[in-house]
Amino acid sequence: MPTKSRAAILVESRKPLVVDEVTFPDPAPDQVLVKLYASGICHSQLHQIQRSPEEQRSKLPALLGHESTGVVVAKGRDVTHVKEGDRVFTTWVDRNAPESPLPPVSHALNMRPPIPAVWREQSIWASASTWAEHLVASERVVLPMDDDVDTEVTSVIGCAVTTGSGAIINTLRVGPGQSVAVYGVGGIGMCAISAAAVVDAYPLIAVDLDDEKLEFAKGFGATHCINAGKVDPVEAITDLTGGGADYALDAVGHPTTQDQILRSVRTGAPGLERGGTALLIGLPPPGATPLINTNLFAGGRYFTRTHAGDCLPDRDFPTFVRWYREGKLKLDDLVTRRYSLDQVNEAVADLEEGKILGRAIFTYA
């Protein structure tokens, strides 16, 4: 039978979210109903909230969020890899084939007043939306987790770790002694630094505008820190690495940092050695115009993107959990703030104002 739950709902662009009751349908044959323990709070949700009404393309009201942990309370008949009572991760990445985009899951969710009737008659677009006490999602974004693994801090594996750490080990395949610069040391940037430390990258350079965040990054393996508001980060990285980093990652997505990562990597020798690689992770803010100087490619530099760290969750999540157990992936330190669902607008404001070190999460009783 349908499940009543509470969720944070984006009713109108650039307006506070509304926490209200929704009703989830029974899972389809290939879906899973999950009662959530915790959800990560990702910066990409800010972009969704801040889109113009035209950019939303009538996908309102909407549920947000895409990384969590929970317990299976019901499943469709075709789901075989998890069962009722299993603890699980949820993510936005297809657990077998991230190159195959998941179709959006449209749910007609019945919301009680004070949501206006016009919204109650529309569908809420949702694909493993985790800013809620429950979710119904494709079995392709639900993965089993061991019973002895913490269910709060590991909720960020579904996006922050997947994207940041995955970029290091899968997209770039960084090796020992290779130099890495990470622009932006929020949750995803910190996960990239953590993975780069695990594979013994050196020097491992954190770049940000906030001294507190840079100091925080040292605890995750950063060997050098650069405040880009005080010095030219490109010049500083060039000096530290003797000509430019092997890899530079942009976990911010701002046009300025997109340009800086390309100028931060080394040039190559024609016919002998390829140049360094600049990797864009962060999503550009709505309406942003890239400032990349394409003439820089003439020096043998490379610029690329990553899709969710090129992770295969079935393959990579066990590695991330093992790193967490071994103390290499410091998720207990990474998660610095916890909010209740009723504090959703406070959480959004804190994230927007840069008040959160590492990653914040919602916890559900």
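Residues numbered from 1 in each chain as written. Predicted model: local features only at pLDDT ≥ 70, side-chain atom pairs only at ≥ 80, totals over all residues. Heavy atoms only, no water.

1. Description of the overall build of the protein
The number of helices and strands found in the protein is 11 helices and 18 strands. Within the span of the protein, comprising 365 residues, buried residues form 55% of the whole. Once local pairs closer than 6 in sequence are excluded, the contacts in the protein between residues at least 24 apart make up 72%. As displayed, the protein offers around 15,300 Å² of accessible surface, 50% of which is attributable to carbon and sulfur atoms. (Helix = DSSP H or I, 4+ residues; strand = E, 2+ residues; numbered from the N terminus. Buried < 20%, exposed > 50% of the residue type's maximum accessible area, 1.4 Å probe, protein only. Contact = heavy atoms within 4.5 Å. Areas by Shrake-Rupley, 256 points an atom, 1.4 Å probe, with all protein chains shown as cover.)

2. Remarks on the nonpolar core
Judged by nonpolar contacts, the single largest core of 49 residues is most densely connected at Ile168, Val180, Ile193, Leu249 and Leu331. Of all the elements, helix 5 (residues 187-198) adds the most residues to this core, at 7 residues. Residue contacts for Ile168: discarding those within four places in its chain leaves Arg173, Val174, Val180, Ala192, Ala195, Ala196, Val199 and Leu249. Among the nonpolar cores identified, the runner-up in size contains 31 residues, and Leu36, Ile49, Val141 and Tyr364 belong to it. (Core = buried A, V, L, I, M, F, W, Y, C linked by side-chain atoms within 4.5 Å.)

3. Considering the side chain of Lys213
Within the secondary structure, Lys213 is located in helix 6 (residues 211-218). Despite its burial, Lys213 pairs with no opposite charge; the closest candidate is Asp210, at 5.0 Å N-O. What Lys213 contacts, discounting residues up to four positions off in sequence, is Val185, Met190, Asp208, Gly354, Ile356 and Leu357. (Lys, Arg positive; Asp, Glu negative; His and termini not counted. Salt bridge = Lys/Arg side-chain N within 4 Å of Asp/Glu carboxyl O.)

4. A few points about the packing of aromatic side chains
Applying the stated criterion to the full structure yields 5 aromatic pairs. Considering the side-chain rings of Phe216 and Phe220, the 5.0 Å spacing of their centres and the 65° angle between planes classify their relative orientation as edge-to-face. For the pair formed by Phe216 and Phe220, the shared burial category is buried. Ring geometry for Phe317 against Phe320: centres 6.4 Å apart, planes inclined by 50°, an arrangement best described as tilted. In this pair, Phe317 and Phe320 are both assigned in helix 9 (residues 313-325), 3 residues apart and thus about one turn of the helix distant. (Phe/Tyr/Trp six-rings, centres within 6.5 Å; stacked < 30°, edge-to-face > 60°.)

5. A short note on the pattern of salt bridges
Summed over the entire model, instances satisfying the criterion amount to 21 salt bridges. When the shortest N-O distance is used, the salt bridge between Arg359 and Glu67 registers 2.8 Å. Here Glu67 lies in the loop between strand 4 (62-63) and strand 5 (68-75) and Arg359 lies in strand 18 (residues 359-363), a separation of 292 residues in the sequence. In this structure, Arg359 and Glu67 share a single accessibility class: buried. For Asp94, the salt bridge goes to Arg140, with nearest N and O atoms at 2.6 Å.

6. Section: the confidence of the model for the protein
The predicted coordinates should not be examined in detail at positions where pLDDT is low. Here the protein shows a mean pLDDT of 84. Residues at 70 or above account for 82%. Between residues 98-126, whose pLDDT stays under 50, and residues either more than four places distant or in other chains, the model counts 75 contacts. (pLDDT = per-residue confidence, 0-100.)

7. Describing the pairing of strand 14 (residues 247-250)
Along any regular strand, the residues point their side chains to alternate faces of the sheet. Alternating positions in strand 14 separate into two faces, Tyr247 and Leu249 on one and Ala248 and Asp250 on the other, with burial throughout. Sheet analysis places strand 11 (residues 180-183) next to strand 14, joined by 4 bridges and oriented parallel. Note that in strand 14 the partner of Ala181 across the bridge is Ala248. Pairing analysis gives 4 bridges linking strand 14 to strand 15 (residues 277-280), with the strands arranged parallel. By the bridge assignment, Ala248 is partnered in strand 15 with Ala278. (Pairing = 2+ DSSP bridges.)

8. Thoughts on the environment of Pro2
Inspection of the secondary structure puts Pro2 in the segment before strand 1 (3-10). Excluding residues that lie within four positions of it along the chain, Pro2 makes contacts with Thr23, Phe24 and Asp26.

9. Regarding helix 8 (residues 255-264)
Of all 10 residues that make up helix 8, 8 are buried, and the element is covered over most of its length. Residues Pro255, Thr257, Gln258, Asp259, Gln260, Ile261, Leu262 and Ser264 constitute the buried set of helix 8.

10. Brief notes about the pairing of strand 11
Of the two faces of strand 11, both are covered, the one formed by Val180 and Val182 as well as the one formed by Ala181 and Tyr183. Relative to strand 12 (residues 204-208), strand 11 runs parallel, the two being bridged by 4 bridges. Within strand 12, the residue paired with Val182 across the bridge is Ala206. The handedness of the strand 11 to strand 12 crossover, carried by helix 5, is right-handed. (Right-handed = clockwise from strand over helix to strand, strands pointing away.)

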